[in-house]
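# Structure assessment
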Amino acid sequence: MAQISAVLIFGAPGSGKGTVGAKLAATTALKHLSTGDIFRGIAPSSESGKLLASYSSKGLLVPDEATVEIFGRYVEGLVNTNKLNPAKDTLLLDGIPRTVAQVDLIKPIVDVKHIFVLDIKDEETIVARLLNRAKIEGRKDDADVNVIKNRLNVYKESTAKVLEKYDPKIISHITGDNTPDEVFLDVLKAYVDFTKSAK
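All residue numbers refer to position in the chain's written sequence, counted from 1. Thresholds applied to this predicted model are a pLDDT of at least 70 for local features of residues and 80 or more for the giving and counting of side-chain atom pairs; totals over whole chains, interfaces and linings are not thresholded and use all residues. The basis for the side-chain values is all heavy atoms of the structure; hydrogens and waters are excluded.

Time to look at the sheet that holds strand β1 (residues 4-11). As summarised here, the arrangement of the five strands in space is β2-β3-β1-β4-β5, forming an open sheet in which the pairing is parallel. Looking at which strands have only one partner, the edges of the open sheet turn out to be β2 (31-34) and β5 (171-175). For this sheet the average axis-to-axis angle between neighbouring strands, irrespective of direction, equals 25°. DSSP calls a pair of strands paired once it identifies at least 2 bridges connecting them. Only DSSP runs of H or I reaching four residues or more are called helices, and only runs of E reaching two or more are called strands; each is numbered from the N terminus. Alignment of β2 against strand β3 (residues 90-94), held across four bridges, turns out to be parallel. Pairing of Leu 33 across the sheet is with Leu 93, part of β3. Residues count as neighbours in contact if any of their non-hydrogen atoms are within 4.5 Å of one another. To obtain an axis, a line is fitted to C-alpha atoms, over the contacting stretch when the element is a helix, and the angle between two such axes runs from 0 to 180 degrees between their N-to-C directions. Against the sheet, helix α1 (residues 17-27) contacts β1, β2, β3 and β4 (110-119), and its axis sits at roughly 145° relative to β1. The sheet contacts of helix α8 (residues 180-198) involve β1, β4 and β5, and relative to β4 the element is tilted by about 150°.

This is how it looks when you write it as structure tokens:
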């Protein structure tokens, strides 16, 4: 399978990646792909489903090789069913790469062109957002404050280091503490600037 161009939407759990990603995909030619959505769509009774549940229930990351294998199979399925054209489409990735090792593991699948980082300074804002999301969407991984804090620690200790593997020139930092509309507007502007510079 040929490499597919991709831009990343990056940030701590609850920073608004999914919301912004869905809006960006709805208003641009980007194809939004969330590993969280892919994982949640896997049958819990399957081997992959059991593996995922054993980690997510504790707020831990799924092992790198398993994550990339599931992601790669999903992308290949999109290509094989003509839902994705590697020659024309650009993916908007949310949730991968999450570790430094994944940066290298996904290289055969995707070519990262740009990264949008949603920065939130106040950790309590994130906790409040996730607890609220748990009530609205019924997501168990967002309902426990201890699990949330563990996920934030994992983000700071491993996921945030992913950015060090990429050229700072392809990274746009967005203030994620603003309203969802303001954050989306800032990301959209950064995306337009990126597309202009890519031509």
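Once you've had a look at it, read on.
Next up on the list: the pattern of salt bridges. A pair is scored as a salt bridge if a Lys or Arg side-chain nitrogen falls within 4 Å of a carboxyl oxygen belonging to Asp or Glu. Counting across every chain of the model gives 10 salt bridges. Between Lys 50 and Glu 47 there is a salt bridge, with its nearest N and O atoms 4.0 Å apart. In this pair, Lys 50 and Glu 47 are both assigned in helix α3 (residues 47-56), three residues apart and thus about one turn of the helix distant. Owing to a relative accessible area of 48%, Lys 50 belongs among the partly exposed residues under this scheme. In this structure, Lys 165 and Asp 104 form a salt bridge, with 3.4 Å as the shortest nitrogen-oxygen distance. On the criterion of sequence distance, the pair formed by Lys 165 in the loop between α7 (145-159) and β5 and Asp 104 in helix α5 (residues 100-105) is long-range, its members being 61 residues apart. Accessibility expressed as a relative area gives 41% for Lys 165, which makes it partly exposed. Only protein chains enter the accessibility calculation, which uses a 1.4 Å probe. A residue is then buried if its area is under 20% of the maximum for its type, exposed if over 50%, and partly exposed in between.

Next up on the list: the packing of α1 against α8. What describes two packed helices is the angle between their axes and the distance between those same axes. Here α1 crosses α8 at 50°, and the two axes come no closer than 10 Å. For the element pair α1 / α8, the angle class is oblique. For the pair α1 and α8, the sense of crossing is right-handed. Mapping the contact onto sequence places Val 20, Lys 23, Leu 24 and Thr 27 in α1 and Pro 180, Asp 181, Val 183, Phe 184, Val 187, Leu 188 and Tyr 191 in α8. Here the nonpolar group is Ala, Val, Leu, Ile, Met, Phe, Trp, Tyr, Cys and Pro; Asp, Glu, Lys and Arg are the charged ones; every other residue, Gly included, is treated as polar. Residues belonging to the contact of α1 with α8 are distributed by class as follows: eight nonpolar, one polar and two charged. Roughly parallel refers to an angle under 35 degrees, roughly antiparallel to one over 145, roughly perpendicular to one between 65 and 115, and oblique to any angle outside these ranges. Handedness of a crossing is defined here by the sense of rotation of the near helix relative to the far one, left-handed for an anticlockwise turn of less than a right angle and right-handed for a clockwise turn.

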